[in-house]
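# Topology and contacts: notes
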Amino acid sequence: MNEYNFGYLDEHTKRIIRRSLLKAVSIPGYQVPFPGREMPMPYGWGTGGIQVTASVIGHNDCLKVIDQGADDTTNAVSIRNFFKRVCGIKTTEKTSEASIIQTRHRIPETALRAGQILVYQVPIPEPLRFIEPRETETRTMHAMQEYGVMHLKLYEDIAQFGHISTAYAYPVRVNGRYIMDPSPIPKFDNPKMHQMPALQLFGAGREKRIYAVPPYTDVVSLDFEDHPFEIQQWDESCALCGSEVSFLDEMITDNEGSRLYLCSDSEYCATRTEIMQEGAA
Amino acid sequence: MMMQTDLILNQQPLMQATQLTRLYGINKGCQQIDLELYAGEVLGIVGESGSGKSTLLRCLAGIEAIDSGTVDYDSSAGLKRLHDLAESERRRLIRQEWGFIQQNPRDGLHLDMSAGANIGERLMAQGERHYGKIRQQALDWMQRVELDPKRIDDKPKTFSGGMQQRLQIARNLVSGPRLLFMDEPTGGLDVSVQARVLDLIRKLVRELNVAVVLVTHDIGVARILADRLIVMRDSRIIETGLTDQILEDPQAPYTQLLVSSILRV
């Protein structure tokens, strides 16, 4: 632990990133460039989120890391161990106990509270890129609020499938101003971002961009008047905990195509299962 | 400049350029351009390659910065000096009041978006948020530019050159622009398709009473579409007048050469 500075990054880098974070929080949804560092893992493994976490983490923090909602997947375990090693801080799997939660692809089912920080790992921060590959142009479009093209993708969905089929990285408008890519979380999680009491920070390592949603900020998903925004729904409930309100993963269990559905948030599911077992015992 | 028709007498010009200059080198670009464009008229700019036609067009459209001179545009919100406007305002004009039809439809279309999305883009950019209405407008416009409405969900990359150009026209006209810029709109099309697209442009321009600045090196195209002509050579205007007048009785030696070089079949 002594070989590394606290949080792996050197203090100068942390300071630069904190400045970018302050700017990002001041302008909700605006992408702030930052001098991303090489991390001891490849791009795509969450280097952006890790740098953000490393810059805001302190000795008294308690860290939770999830990947696709689960605490026990390779990515989550590796990042958690990384911070244990370079910070020596406490880690947890309990959403309610964590002060910082780094996530990839999900927002925990348990509602976050004021004072917590949610750090997202972001692969592509630019929501306009699919329509306009030039970065100079997309920045101008953001500056001028030329967001009409964002609805093109939704239009294409409806024309092709009869409904808005975009299911993840569903574009949102933050604080009535910037259009933001919420990272590849399912659109199921979009409503949770709206007026969330916790601070939401987004780090894109490869693209070297940071953006943020301060606590209690409006986050509105784009839609059409006659095709309003909707979240995913399931006819099934979780096979383990029976939840009917959480985001479910489909799991194929044999070669006959039998399947069951499980909560993607492993901590939420485990807690509920425990309570059920205690009740039964 | 003389008044040409009763229609435009006593009108404020929609766009007026005064001593407009944009040079990349000696006589490369355009210089000392004075011109007026009136609502509903089609102004053709003809000249050989490198004479500065396209530069002039881009200056008038506010896409290109200018060295000196002015371009005034009588917008729906009053007279604007184009190159003094904030970029946001200029982009708003381009998006809401103007259209730009490129020679190569691939520059003016999203090839990976369906035809309907291409037509609907401007409506969405102007704040239309009702899918059904956008869809209906797109279908109407497919018909108006003589494209098969069944192909509304097909991508333009599967369209022929002529169809792509029609789509580009629909996409620009759907928002009801007051002014349309065209850079060699039929340049890449074969002669029979060219004739039909020209017919279509002429019909729509008349119907919608939209003003057009048309750049072409093809006198034949100018003859069909333009009310008035500007002949450019070596970055300067060398002759202006009614299309018929210039074609029947060219004054400048270069214009005489240009007119006499039209192929007669």
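Please refer to the structure higher up on the page.
Everything numeric in this text was worked out from a predicted model, so none of it was measured.

### Here we look at the overall build of chain B
Along chain B, the regular secondary structure elements total 10 helices and 10 strands. Taken over C-alpha atoms, the radius of gyration comes to 18 Å for chain B, in line with the 18 Å a tight globule of 265 residues would show. Dimensions along the principal axes, computed over C-alpha positions, put chain B at roughly 55 × 50 × 40 Å. With 265 residues in all, chain B has 45% of them scored as buried. Excluding contacts between residues fewer than 6 apart, the proportion of contacts in chain B whose partners are at least 24 apart in sequence is 67%.

### A closer look at the packing of helix H4 (residues 115-125) of chain B against helix H6 (residues 161-173) of chain B
All names here are of chain B. Contact geometry for H4 and H6: axes closest at 7 Å, N-to-C directions at 30°. With respect to H6, the element H4 is oriented roughly parallel. In this structure, H4 crosses over H6, and the sense of that crossing is right-handed. Across from Ala-115, Asn-118, Ile-119, Glu-121 and Arg-122 in H4, the residues of H6 making contact are Leu-167, Ala-170 and Arg-171. The class makeup of the residues in the contact of H4 with H6 is four nonpolar, one polar and three charged.

### Quick look at the environment of Gln-126 of chain B
Checked against the element boundaries, Gln-126 of chain B lands in the loop between H4 and helix H5 (131-144). Here Gln-126 of chain B is in contact with Gly-148 of chain A together with Gln-96 and Ser-175 of chain B, once residues within four sequence places are set aside.

### A look at the interface of chain B and chain A
Taken together, the contact pairs 17 residues of chain B with 15 residues of chain A. Elements represented by at least two residues in the side of chain B that touches chain A include exactly helix H2 (87-96), H4 and H5 of chain B. Tallying contributions element by element places H4 of chain B first for the side of chain B that touches chain A, with six residues. Residues that form the side of chain B that touches chain A fall into these classes: six nonpolar, seven polar and four charged.

### Overview of unusual backbone geometry
We note that Gln-32 of chain B has phi near 50°; this positive angle belongs to a residue other than glycine. Turning to its location among the elements, Gln-32 of chain B is positioned in strand S2 (residues 28-37).

### Digging into helix H7 (residues 266-280) of chain A
Residue and element names in this part refer to chain A. Here H7 spans 21 Å end to end across 15 residues, near enough to the 21 Å set by a 1.5 Å rise per residue. Of the positions making up H7, those classed as buried are Ser-266, Glu-267, Tyr-268 and Cys-269. Looking at the packing, one finds that the buried side of H7 touches strand S12 (259-263).

Rules and cut-offs
- Residues numbered from 1 in each chain as written.
- Chains lettered and ligands numbered in written order.
- Predicted model: local features only at pLDDT ≥ 70, side-chain atom pairs only at ≥ 80, totals over all residues.
- Helix = DSSP H or I, 4+ residues; strand = E, 2+ residues; numbered from the N terminus.
- Rg over C-alpha atoms; globule rule 2.2 N^0.38 Å.
- Buried ≥ 20, exposed ≤ 12 C-beta atoms within 10 Å, placed from the backbone.
- Contact = placed C-beta atoms within 7 Å.
- Axes fitted to C-alpha atoms, helices over the stretch in contact; angles between N-to-C directions.
- Parallel < 35°, antiparallel > 145°, perpendicular 65-115°, else oblique.
- Left-handed = near helix turned anticlockwise from the far one by under 90°.
- Nonpolar A, V, L, I, M, F, W, Y, C, P; charged D, E, K, R; others polar.
- Expected span 1.5 Å × (residues − 1).

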